[in-house]
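Residues per chain are reported as follows:
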Amino acid sequence: MRLLERMRKEWFMIGIVLAIAGAKLEPSIGVNGGPLMPEITVSYIAVATIFFNSGLSLNTEELTSALVHIKLHLFIQIFTLAFFPAAIWLFLQLLSITPINEWLLKGLQTVGCMPPPVSSAVILTKAVGGNEAAAIFNSAFGSFLGIVVTPLLLLLFLGSSSSVPFTSIFSQLFMTVVVPLIIGQIVRRYIKDWLERKKPPFGAVSSSVLLMIIYTTFCDTFSNPNIDLDKFSLILILFIICSIQLSFMLLTFIFSTRNNSGFTPADTVAVMFCSTHKSLTLGIPMLKIVFAGHEYLSLISVPLLIYHPVQILLGSVLVPTIKSWMVSRQKGVKLTRPTV
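Residues numbered from 1 in each chain as written. Predicted model: local features only at pLDDT ≥ 70, side-chain atom pairs only at ≥ 80, totals over all residues. Heavy atoms only, no water.

**Q** Help me out: how do you make sense of the overall build of the protein in this one?
**A** What the protein contains, in helices and strands, is 12 helices and zero strands. Its helices and strands in sequence order give the protein the pattern α-α-α-α-α-α-α-α-α-α-α-α, from N to C terminus. Restricting the contact set of the protein to residue pairs at least 6 apart, pairs at least 24 apart contribute 85%. (Helix = DSSP H or I, 4+ residues; strand = E, 2+ residues; numbered from the N terminus. Contact = heavy atoms within 4.5 Å.)

Spelled out as structure tokens, the structure:
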């Protein structure tokens, strides 16, 4: 199962490259008013499909066992949706004096505002042997919370750069995000046994729809002659993203391993992944809504498109090291326990 998940993620990365290349070759297909009619198929149908799929696949019944660990959940959610975006905002005040493309910097802020992903943090926590129940709970709960909090954070830190009124943004979010998610959860209750027996390819469906959104987003970019992305800015953004990811993983590790933290080594593993990972599946559709019609939407999306594979790559590379640390700490705890 883990091998299939890894293969799916690899194909998705290839799909992102092909989607951007296809948009570069023939942008007229995916622009507003073009044959794909993204103003309808993407803005409404594609986004609603992703969140209906999320509602259908989220196994909320499994989360009850993790509810009791309130301190752990509070730490993860506050770090993800409060500390992370605030720290990025402060960091961007320094970066604003550099020659880095301003829209890529705004894109970094959007990364900070995103909720945790539903899958990658859970998969990596499980690979290490950490607190999987806590990872599942915080990924799912963070996704639900992000539906409300993320748009508010985006508007707080960046403002709505589109011509769409504030009320229209939230009414569209409600109709294309909240309603499909709730319907998906209701439908799940009636076909739960069938879903568990057949195990439909939820990940593949969401990934395919997401590639369509990415393709049309970049069609808008390449059809706009005024947009110019320099390679220097792109390379710096990649370096900054890697640094942010590693720094925040180290920070969560330090906080969660203090003597008075109350967290076990298994909890620390869940904290490191859930607090620092960000959702591309939920993020791109939200950006599409909040920044509807914005000519630099694709540039704003670039840091999130980079952050997604970086978090998976770094997480996968660090799995053996984190697992070795966790096992040694657990053995140490057992050895120090008094025998009765």
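**Q** Hey, could you run me through the environment of A46 in this one?
**A** On the secondary structure map, A46 appears in helix 2 (residues 38-57). With residues up to four places along the chain from it excluded, the contact list for A46 reads T41, V209 and I213.

**Q** What's the story with the UniProt feature "transmembrane region" (unreviewed entry) in the protein in this structure? I'm lost.
**A** In the UniProt entry, the feature "transmembrane region" (unreviewed entry) is given for residues 41-60, 72-92, 135-158, 170-191, 203-222, 234-255 and 296-319. Structurally, residues 72-92 comprises 100% helix and 0% strand, and the distance from its first C-alpha atom to its last is 29 Å. As annotated, residues 296-319 comprises 96% helix and 0% strand, and the C-alpha atoms at either end are separated by 36 Å. (UniProt positions renumbered as here; feature names shortened; annotations may be inferred.)

**Q** Where do I start with the environment of P115 in this structure?
**A** Checked against the element boundaries, P115 lands in the loop between helix 4 (102-113) and helix 5 (120-128). Given a relative accessible area of 0%, P115 falls into the buried group. Along the backbone, P115 and S279 are 164 residues apart, and their C-alpha atoms lie at a distance of 5.9 Å. Those residues in contact with P115 that lie beyond four places of it in its chain are L81, G142, S143, G146, T150, H277, K278, S279 and L282. (Buried < 20%, exposed > 50% of the residue type's maximum accessible area, 1.4 Å probe, protein only.)

**Q** I'm lost on the side chain of S279 in this one. Help?
**A** By secondary structure assignment, the location of S279 is in the loop between helix 10 (265-276) and helix 11 (280-290). Excluding anything up to four places from it in sequence, S279 contacts M114, P115, P116, P117 and L304.

**Q** Explain unusual backbone geometry here, please?
**A** Trans is the common state for peptide bonds, and a negative phi is the common state for residues other than glycine. A positive phi is found at M37, a non-glycine position, where the angle reads about 45°. Note on placement: M37 falls in the loop between helix 1 (2-25) and helix 2. Despite not being glycine, K199 shows a phi value in the positive range, around 50°. Note that K199 resides in the loop between helix 7 (166-198) and helix 8 (202-222). The exposure class of K199 is exposed, given its relative accessible area of 55%.

**Q** How do you make sense of the packing of helix 4 against helix 6 (residues 132-157) when you look at a structure like this?
**A** Angle between the axes and distance between the axes are the two parameters that describe a pair of packed helices. At a minimum axis separation of 9 Å, helix 4 and helix 6 run at an interaxial angle of 150°. The chirality of how helix 4 crosses helix 6 is right-handed. On helix 6, the residues touching Q109, T110 and C113 of helix 4 are T150, L153, L154 and F157. Here the residues of the contact of helix 4 with helix 6 sort into four nonpolar, three polar and no charged. (Axes fitted to C-alpha atoms, helices over the stretch in contact; angles between N-to-C directions. Left-handed = near helix turned anticlockwise from the far one by under 90°. Nonpolar A, V, L, I, M, F, W, Y, C, P; charged D, E, K, R; others polar.)

**Q** Explain helix 11 to me, please; I cannot follow it from the model alone.
**A** Each α-helix turn comprises 3.6 residues. Residues three or four places apart therefore point the same way. Most of helix 11 sits out of view: 10 of its 11 residues are buried. Of all the positions in helix 11, only L280, L282, G283, I284, P285, M286, L287, K288, I289 and V290 are classed as buried.

**Q** Would you mind showing me how to read a nonpolar patch on the surface here?
**A** Residues M37, I40, Y44 and I45 make up a contiguous nonpolar surface patch of about 390 Å² in total accessible area. For Y44, the position within the fold is in helix 2. Overall, Y44 belongs to the partly exposed group, its relative accessible area being 44%. (Patch = residues over 30% accessible without salt bridge, like charges linked within 9 Å, V, L, I, M, F, W, Y side chains within 5 Å. Areas by Shrake-Rupley, 256 points an atom, 1.4 Å probe, with all protein chains shown as cover. Salt bridge = Lys/Arg side-chain N within 4 Å of Asp/Glu carboxyl O.)

**Q** Even after reading the chapter, I still don't get helix 10, so can you show me in this structure?
**A** Its 12 residues place the ends of helix 10 17 Å apart at the C-alpha level, agreeing with the 16 Å of an ideal helix rising 1.5 Å per residue. With 12 of 12 residues buried, helix 10 is to be regarded as a mostly interior element. (Expected span 1.5 Å × (residues − 1).)

**Q** Teacher, can you tell me more about the packing of aromatic side chains here?
**A** The description of two aromatic rings rests on the distance between their centres and on the angle between their planes. Using the criterion set out here, one finds nine aromatic pairs in the structure. Each ring, one from F79 and one from F248, has its centre 5.7 Å from the other, and the planes form 85°; the classification is edge-to-face. In this pair, F79 is assigned in helix 3 (residues 70-95) and F248 in helix 9 (residues 231-256), connecting sequence segments 169 residues apart. There is no split in this pair, since F79 and F248 are both buried. For the ring pair F84 and F248, a centre distance of 4.6 Å and an interplane angle of 85° mean the geometry is edge-to-face. Of this pair, F84 sits in helix 3 while F248 is found in helix 9, placing the two residues 164 residues apart along the sequence. (Phe/Tyr/Trp six-rings, centres within 6.5 Å; stacked < 30°, edge-to-face > 60°.)

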